[in-house]
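Here are the chains, one letter per residue:
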Amino acid sequence: MLKTLSAFAIGLVFGIGIMLSGMANPAKVLNFFDIFGTWDPSLMFVMGGALVVTAIGYRLVFRMGHPLLADGFSLPTRKDLDAKLIGGSAIFGIGWGLSGFCPGGLVPALGLGRMEPVIAATAIVAGMIAFRIVNRLRATTPAASANQA
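First things first, this report covers the structure right here in the doc. (Residues numbered from 1 in each chain as written. Predicted model: local features only at pLDDT ≥ 70, side-chain atom pairs only at ≥ 80, totals over all residues. Heavy atoms only, no water.)

## Some thoughts on the overall build of the chain
Thinking step 1. For the chain, the count of helices and strands is seven helices and zero strands.
Thinking step 2. For the chain, the sequential pattern of α-helices and β-strands runs α-α-α-α-α-α-α.
Thinking step 3. Its C-alpha atoms give the chain a radius of gyration of 19 Å, more than 25% over the compact-globule value 15 Å for 149 residues.
Thinking step 4. When its C-alpha atoms are laid out on the principal axes, the chain stretches across 50 × 45 × 30 Å.
Thinking step 5. Here the chain holds 149 residues, and 16% of them are scored as buried. (Helix = DSSP H or I, 4+ residues; strand = E, 2+ residues; numbered from the N terminus. Rg over C-alpha atoms; globule rule 2.2 N^0.38 Å. Buried < 20%, exposed > 50% of the residue type's maximum accessible area, 1.4 Å probe, protein only.)

The structure is reproduced here in structure tokens:
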């Protein structure tokens, strides 16, 4: 129960920060990418501020030895770059640039009652489903099975 309340509180603070900074507004995000037009550098400052807070937070948390509400840290162990990671990152960036929504700004924007965040969220979910379908199909083909052996 404490983990759930903690996750809710952290998500609420994050969502409020996203809303206050304007990052739930796709026009503000798209203006950041429009360098030769209506460029708005505020996203750079929001991300820079988040990076500083995160760096300090990681230093403090890792000194504790273990998290308050878990037995240990869950950190990624893989460090290699593969085609899935690079391709997924490219698709993520293209989607962010076209829609103005990244998942961090999209979730709070869903509460605004506008259609754009719903369309963006639907596209993200559709992409996730398509990836799973393609991945399953690749795993069941004889050529893929032979390459994995």
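Read on, since the account is not over.
## Some remarks on the side chain of Asp-40
Thinking step 1. Its location among the elements puts Asp-40 in the loop between α2 (26-33) and α3 (42-63).
Thinking step 2. A distance of 3.1 Å separates a polar atom in the side chain of Asp-40 from a polar atom in the side chain of Lys-28.
Thinking step 3. A polar contact of 2.9 Å, which involves the side chain of Asp-40, links it to the side chain of Ser-42.
Thinking step 4. What Asp-40 contacts, discounting residues up to four positions off in sequence, is Lys-28, Asn-31 and Phe-32. (Polar contact = N/O pair within 3.5 Å; in protein donor to acceptor, adjacent residues only side chain to side chain. Contact = heavy atoms within 4.5 Å.)

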